[in-house]
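# Observations on chain architecture
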Amino acid sequence: MKRLISIGLAVVLVTGVALAVIFGSGGGTDSAPLTTVRGVIGSEKLAFFSDQRVKDAFARHGLDVQVDPAGSRQMAIQTDLSRYDFAFPSSSPAADRIRHDHGNAHTYAPFSSPMAVATFAPIVDLLTKAGVVHKGAGDYDVLDIAKYMELTANGTRWDQLPGNTSYPVRKNILITTTDPRDSNSAAMYLSIASYVANGFSVVNTQQQEATILPKVTPLFTNQGYTQNSSDAPFEDYLSAGIGRNPMVLVYEAQYADRLVRDDGSIKPDMRLLYLSPTVYSKHTLVALKGPGDQVGQLLNSDPELSKLAATFGFRTQDPKYFTQVVSEHKLPLPTSLVDTVDPPSFETLERLLDAVGKQYGA
Amino acid sequence: MRKRFIALAAVLAVGLAGCSGGDSKDQKQPLGQAKAGVLRVLAGSELADMQPILDEAAKATGVQVKFTFSGTLEGAQTVLDGKADSAYDAIWFSSNRYLTLLPGGAKKLGTQTKIMSSPVVLGLPNSVLQQLGWQDGKVTWSQIAEAAGQHRFSYGMTDPSASNSGFSALVGVAAALAGSGSALTPDQITAITPQLKQFFAAQTLSAGSSGWLSDAFQKRASGADPGPKVDGLINYESVLLEMKGLTVIHPSDGVVTADYPLTLLASANSDARDSFRRLTDHLRTPDVQRRIMETTHRRPIAPQVPLAKEFTDASPVELPFPGTEQAVDTLVSAYFDKIRRPSRTVYVLDTSGSMEGDRLAALKAALSGLTGVDSSLVGRYRQFHAREQVTLLPFSTGPAAPVTMTVDPDNRQPALDQIKQTADGLVADGDTAIFTSLEKAYQILEQQSDTDPDRFTSIVLMTDGENTAGAGLDDFKSFVGTVPDRLKGTPVFPVLFGEGSQDDMNAIATATGGKVFDGRSQSLADVFKDIRGYQ
């Protein structure tokens, strides 16, 4: 069941304006002491929260937001959340779990980002020839997950692709992900792969889980060791190039952020591949204690913070902010994507992740 | 509109400095208590070269790093045991991979921020590369293993249980030889054991640290050390670039890269987290990254910094690292028990009268600790391995009768039991004939290597006093010049203990290409385990 989604159709503009009035008026002044708010966030939002403009925007509302990065699943299961005012994992399933464990706390979903693959021009060419990559509705490239899974099911190596002279490496064709046991982006990838393996439908019975696990588990275990947070493989991608990891699972926002910064980190041969189907990682803030709630409300409603979030590559609840950034910086990114699917329920996803995790023997 | 707030932000930033709250601060620790502005870091010894960068960072950020150096395995054990929790704020090793694979390891770690990287690669002089036909640098590990099996070149490498460079090399070569293209699994290791044996047949120099390895290599090259010259080294690219005369080879089937994640411990308090953030932000700025690249020859993690020309392969292929503890343990155990050239060691043990009491007890415990009774990570990997030949040579007024044991791969326990029993039976009495006993050790080695030459050979000397009987230091020095060629590279590892003479111990190490270990500042058991990395 495929759905067509235009980004950010659930606009809560009215609420946003109302909250802006309420909180905007209480903005800080030079002398007012700031209230420190502590949050634990998915690492891919660290750059956003560390940015001086974002700090300034929060300070205008009397807040000093201090954040620690952590894997989203780690956050939901392992992290001691008692010292934080809010948790801001990168997906709705992780947020659901945290909310459930904290007396149904308020949640806010101010921005989202589709999963994508950061790669290089020669890889796009090779996979296009192999029929795994095709053009999307606009001028962007799409990785067909079903065809990709067929290719990887046989353990095909790069040097086994016919006519491959540009990347004849004796390594399996595999997307580099994070550790499925404690990172959200890997869980999002598992959501996509399980959907495809389940005959293009969201897994929702234990029987389906058992059937698809042998097909999706090797996508992770064949990689061997994986890192636990999504900024690590992306950093490797940016700094170490095609030899280290030719294809890295990323949030679109990570790539878009670097494009906007235009600081030379995106080299001319770097490419972003969209996935078909893909899922949106819905960054969802769970307000755990008093001032955490205010952070959620501001992110949802403050126009300046929304604009800044778009600058960091996130697709905002009101799509106009993201669209503006795309046109302003002439980013080669589509403003809307087709073929997106929902992740399975938190319980199903947890069981799948646990089953994959068991293969690591620890 | 944005600019209006910059001034405000500056004011706020000043106001905020020093207002972060402090957690508990009453731990009594060797490095001192947790303190704002100080980051206590348990680190790999090779990071000592970052000191100038960290000194500048302290000026720029107000965060001072206090290092305590440790081996990778020892460090992992400290973290797993929870002993790092209050003693340190962060750890910084060349990689967290192995620690993360160990049960409970990942939970101990907080934010991990990579600072730089360096692949583990092969360095050979151009002349050797030409002989091997590898001038273009396009070589695979399989080709390297084949040439190694034919003894067409020799190399030095660190012990995989003692140093990350050796560990990474072992993992990399194994992954490449398995050739499956995906991560190594335990059941593949038996199949590649013959090729791995070939590869390690050419290793003629081993060490417990990559720094000592390079020193020993250079001393042998210059003739300062008596051992035979070694052609090349397997080490970090950064170390090889620092040395002269070696060309770096990045095997085309891939490498394993050290990525140096500066890692906050999960237990760190908010001051430490704040310091960590300020320090890592600073270390990752393009200017600092450039400085790191220029002074340490490690690759920058900041993508804005272009690579220097000395990095001949801008993007070496990375081999998958095993994803399970079981795969790594199977590989490392196979390395020690089946793959590497087995070692042969004579332990020259002082049992003079002054060893009576605690000292003799410490010696017995240290030897027993190597027979499998120590179940720690380090103990497990440093015990006597299958095929290993161990000779205990107690001495006092003169050398006593040596006892030699060889660990049978199919039945290890008898030899291990015998080592333990022999150690337990040592009795202290008499004078101290250090040099006569050392000479005896060489005679034993000469005999043993006559029929079975292909072993890593070394001598461990443990004495608690000055030489009071038999030959003197000068006699020994001239004796060393007369040993057969095959024993010329045999290092003596003297252990400083009790009233042992530091000068004599240094002289012995220098004359034989060995290294002095200090048994006064740490336990004899730990020292004996450390020495294992060099055998």
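Report on the accompanying structure. (Residues numbered from 1 in each chain as written. Chains lettered and ligands numbered in written order. Predicted model: local features only at pLDDT ≥ 70, side-chain atom pairs only at ≥ 80, totals over all residues. Heavy atoms only, no water.)

A few words now on the packing of aromatic side chains. All names here are of chain B. Per the counting criterion, the structure on display carries 38 aromatic pairs over all chains. Ring centres 5.3 Å apart and planes at 40 degrees place the aromatic pair Tyr 155 and Phe 199 in the tilted group. Of this pair, Tyr 155 sits in strand E6 (residues 155-158) while Phe 199 sits in helix H9 (residues 189-201), and the two are 44 residues apart along the sequence. Side by side, Tyr 155 and Phe 199 carry an identical accessibility label, which is buried. Summarising the aromatic geometry, the rings of Phe 517 and Tyr 534 are spaced 5.4 Å apart at their centres and angled 75 degrees between planes, so their arrangement reads as edge-to-face. (Phe/Tyr/Trp six-rings, centres within 6.5 Å; stacked < 30°, edge-to-face > 60°. Helix = DSSP H or I, 4+ residues; strand = E, 2+ residues; numbered from the N terminus. Buried < 20%, exposed > 50% of the residue type's maximum accessible area, 1.4 Å probe, protein only.)

Residue and element names in this part refer to chain B. The five strands are arranged E2-E1-E3-E11-E4 in an open sheet whose pairing can be described as mixed. Both outer strands of the open sheet, strand E2 (64-69) and strand E4 (109-114), are each paired with one neighbouring strand and no more. Neighbour-to-neighbour, the strand axes of this sheet turn through a mean angle of 30 degrees, independent of strand direction. In the sheet, strand E1 (residues 38-43) pairs with strand E3 (residues 90-92) via three bridges, with the strands oriented parallel. Pairing of Leu 42 across the sheet is with Ile 91, part of E3. (Pairing = 2+ DSSP bridges. Axes fitted to C-alpha atoms, helices over the stretch in contact; angles between N-to-C directions.)

A few words on the packing of helix H15 (residues 358-368) of chain B against helix H21 (residues 524-532) of chain B. Geometrically, a packed helix pair is captured by the angle between its two axes and the distance between the axes. All names here are of chain B. Contact geometry for H15 and H21: axes closest at 8 Å, N-to-C directions at 40 degrees. Regarding the angle of H15 to H21, the classification is oblique. For H15 against H21, the interelement crossing comes out right-handed. Between H15, through Ala 362, Leu 363, Ala 366 and Leu 367, and H21, the contact on the second element is made entirely by Leu 524, Ala 525 and Phe 528. The residue inventory of the contact of H15 with H21, partitioned by class, reads seven nonpolar, no polar and no charged. (Parallel < 35°, antiparallel > 145°, perpendicular 65-115°, else oblique. Left-handed = near helix turned anticlockwise from the far one by under 90°. Contact = heavy atoms within 4.5 Å. Nonpolar A, V, L, I, M, F, W, Y, C, P; charged D, E, K, R; others polar.)

Here the idea is simple: oppositely charged side chains can pair when their charged atoms come close. Applying the stated criterion across every chain, the model contains 45 salt bridges over all chains. Notably, a salt bridge pairs Glu235(A) with Arg284(B), separated by 2.2 Å at the nearest N-O pair. Here Glu235(A), found in helix H10 (residues 231-240), pairs with Arg284(B), found in the loop between helix H12 (270-283) and helix H13 (286-296), and the two come from separate chains. A residue is classified by how much of its surface remains accessible, and Arg284(B), at 24% relative accessible area, is partly exposed. Among the ionic pairs, Lys420(B) bridges to Asp424(B), the shortest N-O distance being 3.7 Å. Of this pair, Lys420(B) and Asp424(B) are both found in helix H17 (residues 413-424), four residues apart, which corresponds to roughly one turn of the helix. The class for Lys420(B) is partly exposed, based on a relative accessible area of 29%. By relative accessible area, which is 39% here, Asp424(B) ends up partly exposed. When salt bridges with common partners are traced through the structure, they connect Asp236(A), Arg244(A), Arg97(B), Lys114(B), Asp259(B) and Glu318(B) into a single cluster. (Salt bridge = Lys/Arg side-chain N within 4 Å of Asp/Glu carboxyl O.)

Residue and element names in this part refer to chain B. Contact pair H15 / H17: the axes reach a minimum separation of 9 Å and the direction vectors enclose 175 degrees. As summarised for this structure, H15 and H17 are arranged roughly antiparallel, according to the angle between their axes. In this structure, H15 contributes Lys 364, Leu 367 and Ser 368 to the contact, and H17 contributes Lys 420, Ala 423 and Asp 424. When grouped by side-chain class, the residues that make up the contact of H15 with H17 number two nonpolar, one polar and three charged.

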